[in-house]
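Spelled out, the chains give:
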Amino acid sequence: MPEHAPELDDLVSQDYAAGFVTDIAADTLPPGLDEQVVRAISAKKEEPEWMTEWRLDAFRRWQAMRPPRWAHVSFPDIDFQAISYFSAPKGDRPKSLDEVDPELLRTYEKLGIPLHERAKLAGVDESEQAVPEVAVDAVFDSVSVATTFKDKLREAGVVFCSMSEAIAEHPDLVRRYLGSVVPKPDNFYSALNSAVFSDGSFVYIPKHTRCPMELSTYFRINAENTGQFERTLIIADEGSYVSYLEGCTAPMRDDNQLHAAVVELVALDDAEIKYSTVQNWYPGDEQGRGGIYNFVTKRGACLGARSKISWTQVETGSAITWKYPSVMLRGADSVGEFYSVALTRNRQQADTGTKMVHIGPRTKSTIVSKGISAGHSRNSYRGLVRMNPAAAGARNYTQCDSLLIGDTCGANTFPYIESKLPAAVVEHEATTSKVSDEQLFLCQQRGIDPEKAVAMIVNGFCKDVFRTLPMEFAVEAAKLLEVSLEGAVG
Amino acid sequence: MSLLEVRDLHVNVDDKPILKGLDLTVEAGEVHAVMGPNGSGKSTLANVLAGRPGYDIDVGSITLDDEDLTAATPDERAHRGLFLAFQYPIEIPGVSNMEFLKAAVDAHAVHTGLSEPSAVDFIKRARATAEQLHLSADFLKRGVNEGFSGGEKKRNEILQMLLLEPRLAVLDETDSGLDIDALQVVAEGINAFRAGDNAIVLVTHYQRLLNYVVPDHVHVLIDGRIARSGDHTLAHTLEDEGYGWLDG
Ligand SMILES: Nc1ncnc2c1ncn2[C@@H]1O[C@H](COP(=O)(O)OP(=O)(O)O)[C@@H](O)[C@H]1O
Ligand SMILES: [Mg+2]
């Protein structure tokens, strides 16, 4: 018997490459939340009166609400008066990339995010092709610090800007759609976000336009004791297409930080939105100290006939993840998809899944969820499929797989099916498997070291989801999983 | 020096003695057949050579090319050139055979100080080797052993052996469950591998395969010990007379 037989548990470590802090002068509001703070945020952003009123309405509703308790996660009560609700790098928002603080540029460089406007070459294919350009909106704490490729996008009629800019420059679209998919009082955290949201991205794709490049937003929490409350709104007009990716990281800190975002997607007739997330917020240390509380409301509305919304998420970070990217399938023949990989290790807790609400006739949804748990983590899938009476001919397919690494972690599946329509087709498949000692031995026997072997087995398990990511992000996601699984062996 | 030397090997599984003092010496260029009734310890020998967790060496040593591997990890043994073809190959869902083979070949390259083959060269070589074993190109894209037939699994083990070019290949019942055509293909693969600077330990309990791959030595394993060794004619004697005459 070899002396150094590695324990599967040991193969999963806590290296977190994005854990550094950027030293930059910030303009931060003192902790605490009341009407004055809401007004102050709105004033800092020089918002019109209607926006201030919208926020105050949300704040008043929030005050009457209580945090949700139903998720399969546990954590001490959050003191909402101890959090600062606004932090931004000092100075005016730069007008072009040349004006961005070099310290910020270095931060994004270190995180591997291109804030320059050149196509990059990725050596992932046999025939090394130039990867298509990606436009980036970089959000640092509470504000967007740079958006690339704006000119090129403007030529195509695409609007891609920070939410603050959109409120000033596209008020009609914002007033029409903000809060239309996720109403202010939808839940405790959406109400809070509606009151204090700072920045985020706004996208409008005009009729019959295929967005000429991938759009992406990178969220970075830097400041201490600060919550991040970004707000994203994507509108795909008739017959348009857009693929959008968000990435997120934060420094390693011993305190928990709150991230409560709201994302709304609107797809009109024949439009398609593909929304991918690579979520790598700081997960906390081995003992469960620190890490981000990721309490996010993401919802898409397929308003138009034959419209389609796909959510793909790769969740490796955060101390607690609580999110259910959902699709309201209103338009006839509209399609909703949810592909998810959620990896938890150490003391991480994830309660994530989706809601597919079938309202229109012949609507179709697909759910593929892959949960991977290691260490002492808890990983739950929670999904709701609802078939409303008018959804004649609707179909859903759900596949829900859990992979356990070691035997101290836990995985749960909570599928809810509500059908008022006996003829609707709802299929559900679920499996639970383990990374087995046999698989690990096979890999080792072929010379592959145990860390690589675990990463390879986990990647194989996630293949159905990675397939749905844009190519270069699939590579990034696979690498991220590998890094997350890296650890000291025996 | 011998390629493989196994000295006085005592192995326990779940505290139960399975191998009870086994000696085996294999020279470069040789093929050794290890035969014996079910449960006599053949797979235990194969697994313990590869360092499988759960097989505890109580006494004894395993030396490959003068290097003591008794306490080495499975991947270290693999890097030294030890290969095990599994009796029951297991699945790794979603990991394509090609990806798996490339990872294995790359890992070996790193440890021998060679550069990793380019993806294009590797794919060409893997396809040619698969063809040699009558496996379709599509086979390389499928998940490792995922939905493979029994015969495909066994041929896949030989494919891995041919690509990794080990010093010592230990083949555990690679012939079982094969029809006659598949058996011949596997035998051709083994014979193609057979060369002056490597060696093969063939674990089997039928002499069928030995008609195609003629061994230099045959050993009979009974109750954890080698009860008899001889040349290839010993396999025929066993075929005619069974194992009973060796008892006691
Ligand atoms: N993993 C194991 N756990 C418990 N017992 C085992 C295990 N592997 C083998 N054995 C026992 O060891 C003995 C030898 O088995 P094995 O080496 O598989 O024999 P063979 O390959 O010659 O048929 C048998 O009694 C078998 O039950
Ligand atoms: Mg056996």
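About the cut-offs
Numbers given to residues run from 1 along each chain, matching the order in which its sequence is written. Chain letters and ligand numbers both follow the written order, the letters beginning at A and the numbers at 1. Note on the predicted model: pLDDT of at least 70 is required for a residue's local features to be given, and 80 or more for side-chain atom pairs to be given and counted; whole-chain, interface and lining totals, by contrast, use all residues. Each helix is a run of DSSP H or I of at least 4 residues and each strand a run of E of at least 2, with the numbering of both proceeding from the N terminus. Residues are called buried when their C-beta atom has 20 or more other C-beta atoms within 10 Å, exposed when it has 12 or fewer, and partly exposed otherwise; all C-beta atoms are positioned from the backbone. A residue pair is marked as a contact if its C-beta atoms, positioned from the backbone, fall within 7 Å. As defined in this context, the radius of gyration uses C-alpha atoms, and a globule is described by 2.2 Å times the residue total to the power 0.38. The span expected for a helix works out to 1.5 Å for each residue beyond the first. Throughout this description, a residue near a molecule or strand is one whose C-beta atom, derived from the backbone, lies within 6 Å of it. Under the grouping applied here, Gly and all other residues not named as nonpolar or charged are polar, the nonpolar ones being Ala, Val, Leu, Ile, Met, Phe, Trp, Tyr, Cys and Pro and the charged ones Asp, Glu, Lys and Arg. Only strands that DSSP links by at least two bridges are regarded as paired with each other. To get an axis, fit a line to the C-alpha atoms, keeping to the stretch in contact for a helix; angles then go from 0 to 180 degrees between the N-to-C directions. Take the far helix as your reference; a near helix turned counterclockwise from it by less than a right angle gives a left-handed crossing, and one turned clockwise gives a right-handed crossing. Directions are taken from the helix axis to each C-beta atom, and the arc is the one they span. pLDDT gives the predictor's per-residue confidence on a scale running from 0 to 100.

A few words now on the overall build of chain A. In terms of helices and strands, chain A carries ten helices and 23 strands. In chain A, buried positions account for 56% of the 490 residues. Counted over contacts in chain A with a minimum sequence separation of 6, partners at least 24 positions apart contribute 84%.

This brings us to the overall build of chain B. Regarding its fold elements, chain B presents seven helices and twelve strands. Taking 248 residues into account, the globule formula puts the C-alpha radius of gyration at 18 Å, and chain B, at 18 Å, falls close to it. Considered along the principal axes of its C-alpha atoms, chain B spans approximately 55 × 40 × 35 Å. Residues counted as buried form 46% of the 248 residues belonging to chain B.

Turning our attention to helix α4 (residues 119-132) of chain B. All names here are of chain B. In this model, α4 (14 residues) spans 20 Å end to end at C-alpha, consistent with the 20 Å of a helix rising 1.5 Å per residue. Looking at the buried positions of α4, the neighbouring elements they touch are α3 (97-112) and α5 (150-164). Of the residues one or two after α4, H134 is the one with positive phi, at around 60°.

All names here are of chain B. Taken together, the neighbourhood of ligand 1 is formed by V13, D14, I18, G36, N38, G39, S40, G41, K42, S43, T44 and G54. With three residues, the single largest contributor to the shell around ligand 1 is helix α1 (residues 42-50). For the shell around ligand 1, the per-class residue count stands at two nonpolar, eight polar and two charged.

Contacts between the two partners involve 23 residues from chain A and, on the opposite side, 29 residues from chain B. In terms of residue count, the dominant contributor to the side of chain A that touches chain B is helix α8 (residues 437-445) of chain A (seven residues). Split into classes, the residues belonging to the side of chain A that touches chain B amount to nine nonpolar, six polar and eight charged.

All names here are of chain B. Taken together, the four strands give an open sheet; going across it, the order is β2-β1-β4-β5, and neighbouring strands pair in antiparallel fashion. At either end of the open sheet lies a strand with only one pairing partner, and these are β2 (16-26) and β5 (67-68). Sheet analysis places strand β1 (residues 4-13) next to strand β4 (residues 55-64), joined by eight bridges and oriented antiparallel. Residue V13 lies in a different strand from β4, and its bridge partner there is Y55. Strands β1, β2 and β4 of the sheet are contacted by α1, whose axis makes an angle of about 65° with β4.

Residues and elements named next belong to chain B. Read across the open sheet, the six strands follow the order β6-β9-β10-β3-β11-β12; overall the sheet is mixed. Two strands in the sheet have a free side with no partner beyond their single neighbour: β6 (82-85) and β12 (225-230). Shown here is a sheet whose adjacent strand axes are inclined to one another by a mean of 20°, direction ignored. Strands β3 (31-35), β6, β9 (168-172), β10 (199-203) and β11 (217-222) of the sheet are contacted by α1, whose axis makes an angle of about 145° with β9.

Residue and element names in this part refer to chain A. In this fold, R362 is placed in the loop between β18 (349-358) and β19 (364-373). For R362, a count of 18 C-beta atoms within 10 Å puts it in the partly exposed group. Taking the C-alpha atoms as reference points, R362 and S402, 40 residues apart in sequence, are found 30 Å from one another.

On to the environment of S326(A), then. Residues and elements named next belong to chain A. Examined against the element boundaries, S326 turns out to sit in strand β16 (residues 326-329). With 26 C-beta atoms counted inside 10 Å, the residue S326 sits in the buried group. Along the sequence, S326 and K298 sit 28 residues apart, while their C-alpha atoms lie 6.4 Å from each other. Dropping the residues within four chain positions of it, S326 is found in contact with R299, T354, K355 and M356.

What follows covers the packing of α3(B) against α5(B). Residues and elements named next belong to chain B. As a packed pair, α3 and α5 sit with axes 10 Å apart at the nearest point and diverge in direction by 35°. Where α3 crosses over α5, the two elements pack in a sense that is right-handed. For the pair formed by α3 and α5, the contact residues are N97, L101, A104, V105 and H108 on the first element and N156, Q160, L163 and L164 on the second. For the contact of α3 with α5, the class distribution of residues is five nonpolar, four polar and no charged.

For the rest of this paragraph, the subject is helix α1 (residues 35-44) of chain A. Residue and element names in this part refer to chain A. Among all positions in α1, only V38, I41 and S42 are buried. Each buried residue of α1 sits inside an arc of 95° when the element is viewed along its axis, so together they form one side. Exposed residues on α1 whose side chains face more than 90 degrees from its buried face are Q36 and A43. Considering only its buried residues, α1 is in contact with α2 (49-63) and α7 (188-196). At the exit of α1 stands E46, carrying a positive phi of roughly 50°.

Turning next to the confidence of the model for chain A. Residue and element names in this part refer to chain A. Model confidence for chain A is summarised by a mean pLDDT of 82, while 82% of its residues fall at 70 or above. This model gives residues 1-14 a pLDDT under 50, and the stretch forms 49 contacts once residues within four places in sequence are excluded. Contacts of residues 118-131 to residues separated by more than four positions or lying in other chains number 17 contacts, the stretch itself having pLDDT below 50.

Moving on, we come to the confidence of the model for chain B. Residues and elements named next belong to chain B. Confidence in the prediction of chain B, expressed as mean pLDDT, is 91, and 99% of residues score 70 or more. The element-level mean pLDDT for chain B is lowest in helix α7 (residues 233-241), coming to 87, with β6 highest at 97. Listed scores for the predicted complex are pTM 0.81 and ipTM 0.95.

This part is about the environment of V368(A). Residues and elements named next belong to chain A. As for its position among the elements, V368 is in strand β19. Accessibility expressed as a C-beta count within 10 Å gives 21 for V368, which makes it buried. Taking C-alpha positions, V368 is 9.9 Å from T354, a pair spaced 14 residues apart along the chain. The contacts of V368, once residues within four sequence positions are left out, are Y339, Q399, D464 and V465.

Turning next to unusual backbone geometry. The backbone of N346(A) sits at a positive phi, close to 45°, despite the residue not being glycine. Within the fold, N346(A) resides in the loop between β17 (335-344) and β18. On the neighbour-count criterion, N346(A) (21 C-beta atoms within 10 Å) is buried. The phi torsion at D15(B) lies on the positive side, around 65°, for a residue other than glycine. Among the secondary structure elements, D15(B) is positioned in the loop between β1 and β2. For D15(B), a count of 7 C-beta atoms within 10 Å translates into the label exposed.

The next subject is the pairing of β2(B). Both faces of the sheet carry side chains from a regular strand, because those side chains alternate between them. Residues and elements named next belong to chain B. Bridge analysis of β1 against β2 gives eight bridges, and the strand direction is antiparallel. Within β2, the position partnered with N12 by the bridge is P17. In this antiparallel pair of consecutive strands, β1 and β2, the connection spans two residues, and D14 shows a positive phi of 50°.

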